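What follows is the residue order along each chain.
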Amino acid sequence: MSEKKYLWTKAGKETTRVGLTKVGQEALGKVKFVDLPILGHDIKVGDSTGEVEAQKAVVELQSPIAGKIVKVNDKLTDNPELLNGSEEDAWLFEVNN
């Protein structure tokens, strides 16, 4: 799931947020489990940043950007279905700019 159409990025002042697009949500179906990346890890473009288990598939997420993981969406641990909501709520992690 490395294609840009499945993951979005949004640059802020200090971090860039990565999330699941509507196209990605539709391709996966209802999300059942999310394995998020580890805080503090340095990642490169294409590195594995976790896994999403959904109704239609289990996919390994590949980062569209490089940086250090500085924040993860902890809400997804108990509520993975948030990835099936608005794109704004369907964010996974942030890296430093």
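For the structure, see preceding data.
Worth saying up front: this structure is predicted, and the values here are computed from it rather than measured.

**With respect to the overall build of the protein chain**
Next, step 1: Counting its regular elements, the protein chain contains 2 helices and 8 strands.
Next, step 2: Mapped in sequence order, the helices and strands of the protein chain form the string β-β-α-β-β-β-β-β-α-β.
Next, step 3: What you see for the protein chain is a C-alpha radius of gyration of 12 Å, in line with the 13 Å of a compact globule of 97 residues.
Next, step 4: Projected onto its principal axes, the C-alpha coordinates of the protein chain cover approximately 35 × 25 × 20 Å.
Next, step 5: Residues counted as buried form 40% of the 97 residues belonging to the protein chain.
Next, step 6: The long-range share in the protein chain, meaning contacts at least 24 apart out of those at least 6 apart in sequence, stands at 57%.
Next, step 7: When the accessible area of the protein chain is evaluated, it comes to approximately 5,600 Å², of which 46% is carbon and sulfur surface.
Next, step 8: If the 13 positive side-chain charges of the protein chain are averaged to one point and the 16 negative ones to another, these points end up 4 Å apart.

**Points about the environment of Thr-9**
Next, step 1: Along the chain, Thr-9 turns up in strand E1 (residues 7-11).
Next, step 2: Among residues more than four places away in sequence, those in contact with Thr-9 are Thr-16, Arg-17, Val-18, Pro-64 and Ile-65.

**Things to note about the sheet that holds strand E4 (residues 42-43)**
Next, step 1: Strand order across the open sheet formed by 5 strands is E1-E2-E8-E7-E4, with antiparallel pairing between neighbours. In this open sheet, the two edge strands, each paired with only one partner strand, are E1 and E4.

**Some points on the sheet that holds strand E6 (residues 58-62)**
Next, step 1: Pairing within the open sheet is antiparallel, and its 3 strands lie in the order E3-E5-E6. On the outer flanks of this sheet lie strand E3 (31-35) and E6, each paired with one strand and no other. Here the strands of the sheet are splayed against their neighbours by 20° on average, with no regard to which way each runs.

**A closer look at the environment of Val-31**
Next, step 1: You can see Val-31 is positioned in strand E3.
Next, step 2: The sequence separation of Val-31 and Asp-89 amounts to 58 residues, and the corresponding C-alpha distance is 13 Å.
Next, step 3: With sequence-adjacent residues up to four places away left out, Val-31 is seen in contact with Val-52, Glu-53, Ala-54, Pro-80, Glu-81, Leu-83 and Asn-84.

Rules behind the numbers
Residues numbered from 1 in each chain as written. Predicted model: local features only at pLDDT ≥ 70, side-chain atom pairs only at ≥ 80, totals over all residues. Heavy atoms only, no water. Helix = DSSP H or I, 4+ residues; strand = E, 2+ residues; numbered from the N terminus. Rg over C-alpha atoms; globule rule 2.2 N^0.38 Å. Buried < 20%, exposed > 50% of the residue type's maximum accessible area, 1.4 Å probe, protein only. Contact = heavy atoms within 4.5 Å. Areas by Shrake-Rupley, 256 points an atom, 1.4 Å probe, with all protein chains shown as cover. Lys, Arg positive; Asp, Glu negative; His and termini not counted. Charge placed at Lys NZ, Arg CZ, Asp CG, Glu CD. Pairing = 2+ DSSP bridges. Axes fitted to C-alpha atoms, helices over the stretch in contact; angles between N-to-C directions.

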